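# Summary of structural features
Letter by letter, the chains look like this.
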Amino acid sequence: MIKIKEVEDLFFKVIGDLEEYLPYLVIVGGWLPYLYVKYLWKNLGMYPVTTTDIDFGFFESTAALPVSEPIYSRFSKLHYQEKHLRMDRMFPVVPVLENTGKTARLLIEFITTPEVGEDYVERLVGRQILVNRLEKFDILFKDNIQVKLVNRKASPHRSYLVNVPSPYIFLFHKAITFTDRENEEKKSKDIYYIYYILRFHPRKELLFRNLKELGLHEEKKQVLNNLKEFFSRVTSRGCLIVEQENGPDDYIDDVRQDAFDRFRELIDVLNS
């Protein structure tokens, strides 16, 4: 696990620098458990972050895009570093932000669907930045909510409204896509994110009701196949992954059994 204090300042620096663009972006990926717990649920003292990437998703809005310049131009003026993907080409790049002591760094990544037009990408992000286009990514836009973030380290305090997927949407998207991951480390983290939502969501009945009412019947079949493959027994691969990702636990003696019970309940809900 990454200690949140090492990267939280950088996270808020990126959010502040992108304030003009936040209405057109949706935070996705490994920062969501942290945002859910600290700013949406407000009921726990643990703020997990299992990535040093900030992932921003976007779709092509029919509304006007009144930004003063593409995000690449903004980052360049603020002297963000760039991770070059190929030695023989200047672009595309992944923006990078490091703290002064170089003890923490964040990669800022952008993701959209294959259908979004190049013109929109260029106006919002800039053609110089790598934009990943992923199938099934549109699921994350099915139900977005706004969360108010407060940077209490700033003087005076600064607050920002950010768009995030509703927790049940984030869970569902991870459940349908984790088997597509070729990177085993990322696959394990995706499985852990699902477990985290199942364990710490303060209103389980609402979580399950939202999943039941979601629709997406063909996608649900795929989710069920994925979950049954990884959580058919306590000794199944998924339970072992959760145990490893979670580590020692002060509240649960048998994390593997707990993971099995929670995922089996999820399977029953999706089957109903």
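Report on the accompanying structure. (Residues numbered from 1 in each chain as written. Predicted model: local features only at pLDDT ≥ 70, side-chain atom pairs only at ≥ 80, totals over all residues. Heavy atoms only, no water.)

So, on to the packing of helix H8 (residues 217-230) against helix H10 (residues 255-271). It is at 10 Å that the axes of H8 and H10 come closest, and there the two elements cross at 155°. Put simply, H8 runs roughly antiparallel to H10. Seen from above, H8 lies across H10 with left-handed handedness. For the pair H8 and H10, the contacting residues are Lys220, Val223, Leu224, Leu227 and Lys228 in the first and Phe263, Leu266, Ile267, Leu270 and Asn271 in the second. Per-class residue counts for the contact of H8 with H10 are 7 nonpolar, 1 polar and 2 charged. (Axes fitted to C-alpha atoms, helices over the stretch in contact; angles between N-to-C directions. Helix = DSSP H or I, 4+ residues; strand = E, 2+ residues; numbered from the N terminus. Parallel < 35°, antiparallel > 145°, perpendicular 65-115°, else oblique. Left-handed = near helix turned anticlockwise from the far one by under 90°. Contact = heavy atoms within 4.5 Å. Nonpolar A, V, L, I, M, F, W, Y, C, P; charged D, E, K, R; others polar.)

To continue, consider the nonpolar core. What tends to happen in soluble globular proteins is that the nonpolar side chains get buried as a cluster. Among the nonpolar cores identified, the biggest contains 92 residues, and Phe11, Phe56, Phe58, Phe110, Leu227 and Leu266 are the most heavily contacted of them. In terms of residue count, the dominant contributor to this core is helix H6 (residues 184-200) (9 residues). If near-sequence neighbours (up to four positions away) are discounted, Phe110 is found in contact with Leu25, Phe56, Phe58, Ile71, Phe75, Val125, Ile129, Leu130, Val131 and Asn132. (Core = buried A, V, L, I, M, F, W, Y, C linked by side-chain atoms within 4.5 Å. Buried < 20%, exposed > 50% of the residue type's maximum accessible area, 1.4 Å probe, protein only.)

Next up on the list: unusual backbone geometry. Across residues other than glycine, the phi torsion is negative in most instances, and most of the peptide bonds are trans. Residue Pro92 follows Phe91 across a cis peptide bond; omega there is 0°. The omega torsion of the bond from Ser155 to Pro156 falls at 0°, within 30 degrees of zero and hence cis. Summarising the element assignment, Pro156 is placed in the loop between strand E7 (144-151) and strand E8 (158-165). Backbone geometry places His79, a non-glycine residue, at a positive phi of 65°. In this structure, His79 sits in the loop between helix H3 (71-77) and strand E3 (81-84). When its relative accessible area of 70% is taken as the criterion, His79 is described as exposed.

What is shown is where atoms sit, not what they do.
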